Amino acid sequence: NSSSNLQLPHRQDQDQDEEDDEEGAYGSRLIPRSSPVPRKRSFGGEDQAELCPGRKVSFADARGLELARVCVFQQFPERDEEEEEEGEDAPSRPGFRLCPAFARELSAQQLLDRVRRHKVELESVRGATDDPLSVDCLARVLNLAYQKSVQARCSLDEWSSHYQLPADYVPGSGDGASDCFAFRLSYPGARAHQGARLHFVLRYETPGGVYWANNGGANYTLVCQATGDGDGDGEAAPSHSPGLPLRSCLKVTPHR
């Protein structure tokens, strides 16, 4: 039987098999230039620099440094007020308080008459209990409209400049004909000295117009006085310094 006999391979078939084996071996050793080469990745600064050639990144732990720095702040001990007063080296600074330099001797009826005539009037000025360089003021305005605004226009440099201070409505102060607004005036402690002045006027604005109260053209003036001078009850008699002209921020327009 021809199928049971061994046959020698032909030379042509043997050469073809050898060529296929060589091509397979050569193909397994050929690595394309575009194929990525597997590398062991790490999180060090050198690898990060290779991935981003235009930027260098380094980490503190890779350089052997600490990742966190703890700072402890210690509060300075507060000095006792008695120790400060007893200290001989500390210079003593005189205290000051703010006092009105105008008389307020209006009765309730007189105040109401002025409010009806001028639409706005300063009702009272009292020294603040928590700050000697502050005063609490009340302004009474005629109830002309529901929408209204009351402000104090103040100056610390004889009206070379000024600033506006809004007043707040006092709940329950309305009597049907008038309303009351409150505001606080303060003098800067760093600028306080004997005779320093704070001038102010009242501005009352409604949809129907703007009205002013300026103490009859002389302005309302508050004066800094050293502690121990005057009565300090919040109401002081006028104390204008001679030779110091009074200026007003309001211009009088003559009627034609």
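Residues numbered from 1 in each chain as written. Predicted model: local features only at pLDDT ≥ 70, side-chain atom pairs only at ≥ 80, totals over all residues. Heavy atoms only, no water.

In the nomenclature of an unreviewed UniProt entry, the protein chain is known as CBM21 domain-containing protein of Chiloscyllium punctatum.

Q: Explanation requested: the packing of aromatic side chains in the structure shown.
A: Here the distance between the centres and the angle between the planes together describe a pair of aromatic rings. Evaluation of the coordinates by the stated rule reveals five aromatic pairs. Considering the side-chain rings of F102 and Y220, the 5.3 Å spacing of their centres and the 65 degrees angle between planes classify their relative orientation as edge-to-face. Taken together, the residues span a long stretch of sequence, with F102 in the loop between β1 (96-100) and α4 (108-118) and Y220 in strand β10 (residues 220-226) at a distance of 118 residues. For F102, a relative accessible area of 4% translates into the label buried. The interplanar angle of 75 degrees and the centroid separation of 6.3 Å between the aromatic rings of F183 and F200 together place this pair among those described as edge-to-face. Of this pair, F183 sits in strand β7 (residues 178-186) while F200 sits in strand β8 (residues 197-206), and the two are 17 residues apart along the sequence. There is no split in this pair, since F183 and F200 are both buried. Each residue in the set F102, F183, F200 and Y220 is aromatic and connected to the rest through ring pairs, giving one cluster. (Phe/Tyr/Trp six-rings, centres within 6.5 Å; stacked < 30°, edge-to-face > 60°. Helix = DSSP H or I, 4+ residues; strand = E, 2+ residues; numbered from the N terminus. Buried < 20%, exposed > 50% of the residue type's maximum accessible area, 1.4 Å probe, protein only.)

Q: Could you clarify how one ought to interpret the pattern of salt bridges in this entry?
A: Opposite charge on two side chains allows them to pair when their charged atoms are near. In this structure the tally under the stated criterion is six salt bridges. A salt bridge links E121 to R114, with the nearest nitrogen and oxygen atoms 3.6 Å apart. Using a relative accessible area of 5% as the deciding quantity, one classes E121 as buried. Note on R114: relative accessible area 30%, which makes it partly exposed. (Salt bridge = Lys/Arg side-chain N within 4 Å of Asp/Glu carboxyl O.)

Q: Looking at this structure, how should I read the pairing of strand β4 (residues 149-155)?
A: Sheet faces and side chains relate simply in a regular strand, where the side chains alternate between the two faces. By the criterion of burial, β4 is predominantly enclosed, with five of the seven residues buried. Strand direction decides the pairing type here: β4 and β8, joined by seven bridges, are antiparallel. Directly across from S149, in β8, lies its bridge partner E205. (Pairing = 2+ DSSP bridges.)

Q: For this particular structure, what's the right way to read the sheet that holds strand β2 (residues 120-127)?
A: Strand-to-strand pairing in sheets goes through backbone hydrogen bonds, with the strands running parallel or antiparallel. As summarised here, the arrangement of the four strands in space is β2-β3-β7-β6, forming an open sheet in which the pairing is antiparallel. Of all the strands in the sheet, the pair left with one neighbour each is β2 and β6 (168-169). The sheet strands contacting α4 are β2, β3 (134-142) and β7, and the helix crosses β2 at an angle near 135 degrees. (Contact = heavy atoms within 4.5 Å. Axes fitted to C-alpha atoms, helices over the stretch in contact; angles between N-to-C directions.)

Q: Even after reading the chapter, I still don't get unusual backbone geometry, so can you show me in this structure?
A: Of all residues except glycine, most have a negative phi; of all peptide bonds, most are trans. The phi torsion at K119 lies on the positive side, around 75 degrees, for a residue other than glycine. Here K119 is to be found in the loop between α4 and β2. In this structure, E158 takes a positive phi of about 55 degrees despite not being glycine. Along the chain, E158 falls in the loop between β4 and β5 (163-166). For E158, a relative accessible area of 23% gives the class partly exposed.

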